[in-house]
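Okay, here's what each chain looks like letter by letter:
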Amino acid sequence: LQQRAGRRAVGVAARAVTTRLPPGSLADVSTDMRRLTEEADMAEVELRDVRGTSYVSRRRMDNEAFDPDAVDEDGLPLVYNEAKIAEFWSNKPGELLGRWTRFTAVSAPWLTKLANAVIQGRIERDQVSLARDAVDNLQKLGPTFIKLGQILSIRPDVLPPPVMAELASLQDRIEPFSTVEARKTLEAELGRPIDEIFSEFGEEPIAAASLAQVYRAVLRSTGEQVAVKVQRPAALSTISKDLYVLRRAVGVYEQLVRRFTAQTTDYQELVSTFAEGLYTELDFRNEALNAGRMRQLLDESEFKAADVVIPKTYLDLTTRRVLTMEWIDGVKLTTLPPAEIRSLVKVGQAAFLTQLLEIGFIHGDPHPGNLLKIVSGPDAGKLALLDFGLVAEIPPADREAMVSATIHLANRDWDALIGDFVSLGFLPSDCDRVRIVPVMERVLGPYLRGGGARAFNFQALSQDLLSVTLEIPFSVPPYMSLLARSVATLEGIALAGDPHYQMVAQAYPFVVRKVLRNDSSGAGGLLQDILYDTDGTIKATRMGALLNAALGYVSDRADGFIDFDAVPDDGASMQEVFSFLLSSEARDLRPLLTEQLVSGADLLLRDRVRKLYTVTLPALVPRLPLLGPLLPPPPLPPLLVPGRGLMSAESALELLAPALTPEEAVFLNSLTELAASLIGVEPSDLADGPEPRRALQLLTSPTEQLRELSAALSAAAGGRDSG
């Protein structure tokens, strides 16, 4: 399905190219791309001030003694500042021009090949070979472009799966630099000979990445095993120069996107976010502080981090270019059997969703090499999270908008969803809602309950969203690129262990708890959005699903990307449900339940009175065996109704117990099903009132749920008495 979705997105893009350009201009596309990429006037690069609002965590800036204008020995800024970086390289035009020339020499032939494939309709056939060439070119261009390729390798919203698969090879194809250089850097940074600090230090790195490589060592002072990360030589100079060049290259790409699609994504801003994150990663002190902060926040959260290990860092042995941390003996999740992947992904998912929806402090680079199963020591079997160089901080307003968007999407409330997308920056505030609603319904509808999509995962949905950018002014906010790569990576690992994995469905407990905590002005309205139909009646099935989700139980197989009606087969016990309902967390839910219980009791009473009337009246007529009733039923005597006087029985019945409307009958039936599921009986046992034999059986041999209900009510009564 993902391959078909990828081909569909590529096909749509190709058709857009062939239909939007004026006749006779197709042959000029290749020439235009070559001409654009060969322009080298770097003064045209737009500079952004990223120091005001930032989603990238820069923990060192929290220190009062921190100097945001500090520079290295060559005069390069140590904190990402586009104006200062531009000023530095403007004094070295020869180096900048040389790097641009190198970039165009490597990229222009590939871009020309890509343009020709699009023009000639061969993009689908050639996409794998183009991706392989791209990997080779990224390797030639160095660490900045390798890092960019690694990010794109987990961006299904940007690239089709076959291309991502090729780019994924960048994760493991990075050549290490010499250990001699590494030791020299380490001694210069720590100010002491290596032998004074470590009793053992590896002769070869155990891992090499685009920015640094890692050695295994033993601390001389304590005998502890540690991992020592050493930055590549001249990394700051190379990357700052590359980022300046990359912004010019993205300007070329942005012009082409504007020509071929209706997409309004600010790619220059996306590059600024990527650049700020990459630049921040170059100061390993940020990573050490981020790791400590993440450990603290998870420990203080509901998650508690019991099954997640974040290696401790040694700040006294950490500098801008050297990081010393606890050694973790582990293996990548992607190498494990499916059953183990499923188990550990649940832990990783819980940690990530806690970061996203509760604490707003999110690991921004959870690629497979940063998620390990610990295989030895006291933490064996737990999940280790590594590499906190890139962490995103999401403000509360954005977290609330994400929850709101999830609920409105599940309800197919397209107009409200557009409002959420405006709040999140996906759509402009003056967007044409009348035009957008049908597009959203067409693209997103199949992924909802009963929509019929064959896969309900982020990657498949992202591929279909590609087509939206050709029709409406859809934009990708910069911080969303950080979240998308995290979601895509975690889901990709999870799908390897369970092809039917549904991340959003599994996230429902976090959405419910976020809403029930009512820590925003709109949370009460969102709770009603989840539970109520447009006519104001409660959705009893959703109530059951919500109560289970609030206690951490979700259905393994939801009917949709988001399905708030899926009730788990093995859900919460009655004891858990009643304890939750009496807790402070359910304070906003209890009034809704009380209101609906009163309505349900009224419907039940009316229904039972009418059924009693229809059963009792024929019973008053004498009957002969085999012949039936001798006479028609006699009329019942008039009834005295307070305020109305004497009324016929039929009139009194219609006044006091009017017949249920079809909608009321459906609501009562749904309440009956919910009650039956809670006490462990069949709905038929409650539909018309249990027969005497069945009622006696339930009293003398209660179901496990009924026993739990009795115990829960007794505990609740005891709690009140004691309070």
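The structure contained in this document is the topic of the report that follows. Because the structure is a prediction, the values reported are computed rather than measured.

A closer look at the side chain of Asp420
Okay, so step 1: Among the secondary structure elements, Asp420 is positioned in helix H15 (residues 414-424).
Okay, so step 2: Look at Asp420: it is buried, it has no salt bridge, and the nearest opposite charge is Arg433 at 8.9 Å.
Okay, so step 3: Those residues in contact with Asp420 that sit more than four places away from it in its chain are Ala401, Ser404, Ala405 and His408.

Description of the packing of aromatic side chains
Okay, so step 1: Scanning all chains against the criterion turns up seven aromatic pairs.
Okay, so step 2: Both rings, one in Phe88 and one in Trp89, keep their centres 5.0 Å apart while their planes meet at 90°; by these two values the pair is edge-to-face. Trp89 shares its class with Phe88; the two are buried.
Okay, so step 3: When the ring of Phe201 is compared with that of Tyr215, the centres are 5.1 Å apart and the planes differ by 25°; the resulting orientation is stacked. A residue pair is termed long-range when its members are at least 10 positions apart, and Phe201 in strand S1 (residues 198-201) and Tyr215 in strand S3 (residues 212-219) qualify at 14 residues. Per residue, the accessibility class of Phe201 equals that of Tyr215, and both read buried.
Okay, so step 4: Among the aromatic residues, those joined into a ring-pair cluster are Trp100, Phe103 and Phe145.
Okay, so step 5: The ring of Phe284 carries the charged tip of Lys229 above its face, separated from the ring centre by 4.9 Å.

Regarding helix H16 (residues 433-444)
Okay, so step 1: Over its twelve residues, H16 runs 15 Å from end to end, which matches the ideal 16 Å to within 8%, given 1.5 Å per residue.
Okay, so step 2: Taken together, the buried positions of H16 are occupied by Ile436, Val439, Met440, Val443 and Leu444. Taken down its axis, H16 places every buried residue within 105° of arc, on the same side.
Okay, so step 3: For H16, the N-terminal capping position is held by Asp432, with its side-chain oxygen 3.3 Å away from the main-chain nitrogen of Val434.

Concerning the nonpolar core
Okay, so step 1: Tyr508, Leu531 and Leu589 are the most contacted members of the largest nonpolar core, which has 92 residues in total.
Okay, so step 2: With eleven residues, helix H13 (residues 338-359) is the largest single contributor of residues to this core.
Okay, so step 3: In terms of nonpolar packing, the next biggest core, distinct from the first, is built from 39 residues, Ile146, Val271, Leu278 and Leu282 among them.

A short note on the environment of Asp307
Okay, so step 1: Turning to its location among the elements, Asp307 is positioned in the loop between helix H12 (284-300) and strand S5 (308-309).
Okay, so step 2: Relative accessible area serves as the criterion here: at 43%, Asp307 is assigned to the partly exposed category.
Okay, so step 3: In sequence terms Asp307 and Lys382 are 75 residues apart; their C-alpha atoms lie 5.3 Å from each other.
Okay, so step 4: If we ignore the near neighbours within four places in the chain, the residues touching Asp307 are Val347, Lys382 and Leu383.

What to know about the packing of H12 against H13
Okay, so step 1: Between H12 and H13, whose axes approach to 11 Å, the crossing angle comes to 85°. Here H12 is positioned roughly perpendicular relative to H13, judged by the angle of their axes. Along the contact surface, H12 presents Met294, Leu297 and Leu298, while H13 presents Ala351, Thr354, Gln355 and Ile359.
Okay, so step 2: Split into classes, the residues belonging to the contact of H12 with H13 amount to five nonpolar, two polar and no charged.

A few points about the packing of helix H20 (residues 508-516) against helix H22 (residues 540-550)
Okay, so step 1: Orientation of H20 relative to H22, taken along the N-to-C sense of each, is 90°, at an axis distance of 8 Å. The pairing of H20 with H22 is recorded here as roughly perpendicular in orientation. Of H22, the residues touching H20 (which contributes Tyr508, Pro509, Val512, Arg513 and Leu516) are Ala545, Leu546, Ala549 and Ala550.

Remarks on the environment of His367
Okay, so step 1: Relative to the helices and strands, His367 resides in the loop between strand S8 (361-363) and strand S9 (371-374).
Okay, so step 2: Sequence spacing of His367 and Ala168 is 199 residues, and the spatial spacing of their C-alpha atoms is 9.9 Å.

Some details on the environment of Asn370
Okay, so step 1: Considering the arrangement of structural elements, one finds Asn370 in the loop between S8 and S9.
Okay, so step 2: Along the backbone, Asn370 and Phe388 are 18 residues apart, and their C-alpha atoms lie at a distance of 9.2 Å.
Okay, so step 3: Each residue touching Asn370, except ones within four places of it in the same chain, is listed here: His363, Asp365, Ala384, Leu385, Leu386 and Asp387.

Here is what the cut-offs are and how they apply
Residues numbered from 1 in each chain as written. Predicted model: local features only at pLDDT ≥ 70, side-chain atom pairs only at ≥ 80, totals over all residues. Heavy atoms only, no water. Helix = DSSP H or I, 4+ residues; strand = E, 2+ residues; numbered from the N terminus. Buried < 20%, exposed > 50% of the residue type's maximum accessible area, 1.4 Å probe, protein only. Lys, Arg positive; Asp, Glu negative; His and termini not counted. Salt bridge = Lys/Arg side-chain N within 4 Å of Asp/Glu carboxyl O. Contact = heavy atoms within 4.5 Å. Phe/Tyr/Trp six-rings, centres within 6.5 Å; stacked < 30°, edge-to-face > 60°. Lys NZ or Arg CZ within 6 Å of the ring centre and 35° of its normal. Expected span 1.5 Å × (residues − 1). Arc of directions from axis to C-beta. Polar contact = N/O pair within 3.5 Å; in protein donor to acceptor, adjacent residues only side chain to side chain. Core = buried A, V, L, I, M, F, W, Y, C linked by side-chain atoms within 4.5 Å. Axes fitted to C-alpha atoms, helices over the stretch in contact; angles between N-to-C directions. Parallel < 35°, antiparallel > 145°, perpendicular 65-115°, else oblique. Nonpolar A, V, L, I, M, F, W, Y, C, P; charged D, E, K, R; others polar.

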